Structure formats: C-alpha cells, structure tokens
Amino acid sequence: AQTVTQSQPEMSVQEAETVTLSCTYDTSESDYYLFWYKQPPSRQMILVIRQEAYKQQNATENRFSVNFQKAAKSFSLKISDSQLGDAAMYFCAYRSLHTGANSKLTFGKGITLSVRP
Amino acid sequence: DAGVIQSPRHEVTEMGQEVTLRCKPISGHNSLFWYRQTMMRGLELLIYFNNNVPIDDSGMPEDRFSAKMPNASFSTLKIQPSEPRDSAVYFCASSLISGNTIYFGEGSWLTVV
C-alpha cells in the first residue's frame, strides 16, 4: 500500500519570503500522480499543483513549484513571494496511475502554514 | 462549470438520528469518493465508486454507515444511527476514472450532539 508522510506539522513564513513544504511517499509503482492541496479555514480542498511521475520536469503554477525527486520519493512544494492568503493547511497526496482499486487519493497528515505580516 | 455539489453544508443532529449527506459529482465524471476529515484521524477515504459501482468500501467504519450511487449524477452517504464520534467534515469528490485530478466539494460539516 502507498503511504504519504508529511513530517512537519507546522511551518511559518514571513510575508514575501519563500517557504518549502516537505513530503515523502512510499510506493512500488513506477507510474503515479502527486498533488498538493490547500485547505484554508473554510475547509474547502483546493488543488494547488500536480505532478505526473513520468514527467521529469518539475511542475510550476505561478508562485508555486515542486521539487520532484522520484528516486528519493520526495515531493516538496515551494511557495515564492508568500502572501497572507497562503496561510492554510497543505496536504500532499498520491494517486496511482492505474484505475481500479488503487485509484483513490492517499493523503499525508498535512502541514499548517502560517504567514507573518 | 459547476463543481462537486454537496448538501447540506452544515448539519447539527441529535445522537441516534439518521443523517443523509448528498453529493452531485461533476458532470461527466465517473469516479466518486467519500472522505471524512477529523482532527484525530485526518482525511480518511470511506468509500469510492467507479461507474456507480462501489469499488472499495473498506474505509466505512461500521454498519451504521452506508453509501449509494443510484445514478451517475447522485450519491448519498447515510449514517443510522448517528453518534457523537461521527462529528466530522465529510467530503465528496469526483474524477474521471482515467483522469489524474480528484476534485472536491465544499464539504458537509456534521455535528452530532
């Protein structure tokens, strides 16, 4: 079974600075997807960024980028120019490429990010 | 485009009562997921469906929980009888079976007193 580990429960960043959130995962599969979801206090789950494991290039979405290290099974999220609205809980998640019994999302425990003005 | 729609958004009920949570997935999506989020256990997958057929219900906590998907555009999660430990945010999510991203509804906040 796949597992996702987010070992840092909380992080804090100064507004306009850069922060990196860590995530590691364990799988025996070679093809899969990785995601970062943001959950603000409203509790809505918002997709931040996704990475296909077969792509070597790291995904970027505006101020958000990932450092995907497939061999190390590491998937960190970098937030540049942090804004107050980035304060939220962030979840790392894994999804198998294969349909069927393994096509669910497996989540890490999440990390709470606070942004200092 | 409409996203995943859940109802009710908030529900407060007394212990022992039946609770029904509803979900309308994104049109065209053929996978539907029910997740539960609590402080203690984080995000847990309860059950998911492919093409309206339950694929994995191993996360359903006990017989008090049941889920149905009578058609491609509607699913329910029922708790009967409800207990205080069922208090949580329940998320419905949908995707294409062959797709990569799972999209979430806004959640149903359940409080059982």
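Structure: see above.
Quick caveat, the model's predicted, so the values are computed rather than measured.

(A) Quick look at the pairing of strand 4 (residues 31-38) of chain B. Residue and element names in this part refer to chain B. Strand 4 sits mainly inside the fold: 8 of its 8 residues count as buried. Burial along strand 4 is two-sided: the face carrying Ser31, Phe33, Tyr35 and Gln37 and the face carrying Leu32, Trp34, Arg36 and Thr38 are both buried. Where strand 4 meets strand 5 (residues 42-50), 8 bridges bridge the pair, whose relative direction is antiparallel. When the sheet's bridge partners are listed, tryptophan 34 is paired in strand 5 with isoleucine 47. Counting the residues between successive antiparallel strands, the hairpin from strand 4 to strand 5 contains 3 residues. Here 7 bridges tie strand 4 to strand 9 (residues 88-95), and the two strands are oriented antiparallel to one another. By the bridge assignment for strand 9, tryptophan 34 is matched with cysteine 92.

(B) Main features of the state of the cysteines. All names here are of chain B. A full pass over the atoms with the stated rule returns 2 disulfides over all chains. There is a disulfide in this structure between cysteine 23 and cysteine 92, and the S-S distance comes to 1.9 Å. Handedness here is read from the sign of the S-S torsion; for cysteine 23 and cysteine 92, about -70°, the answer is left-handed. Remark: cysteine 92 occurs in strand 9 and cysteine 23 occurs in strand 3 (residues 19-24); sequence separation between them is 69 residues.

(C) A look at the interface of chain B and chain A. Each side of the interface is counted separately: chain B has 23 residues, and chain A has 22 residues. A buried area of about 1,900 Å², summed over both sides, lies between chain B and chain A, and 53% of it is on carbon and sulfur atoms. Looking at the side of chain B facing chain A, the largest losses of area belong to Leu43, Asn100 and Phe104 of chain B, adding up to 28% of the total buried there. Put simply, chain B and chain A have 0 salt bridges between them.

Conventions used here
Residues numbered from 1 in each chain as written. Chains lettered and ligands numbered in written order. Predicted model: local features only at pLDDT ≥ 70, side-chain atom pairs only at ≥ 80, totals over all residues. Heavy atoms only, no water. Buried < 20%, exposed > 50% of the residue type's maximum accessible area, 1.4 Å probe, protein only. Helix = DSSP H or I, 4+ residues; strand = E, 2+ residues; numbered from the N terminus. Pairing = 2+ DSSP bridges. Disulfide = S-S within 2.5 Å. Contact = heavy atoms within 4.5 Å. Buried area = accessible area lost by both parts, 1.4 Å probe. Salt bridge = Lys/Arg side-chain N within 4 Å of Asp/Glu carboxyl O.

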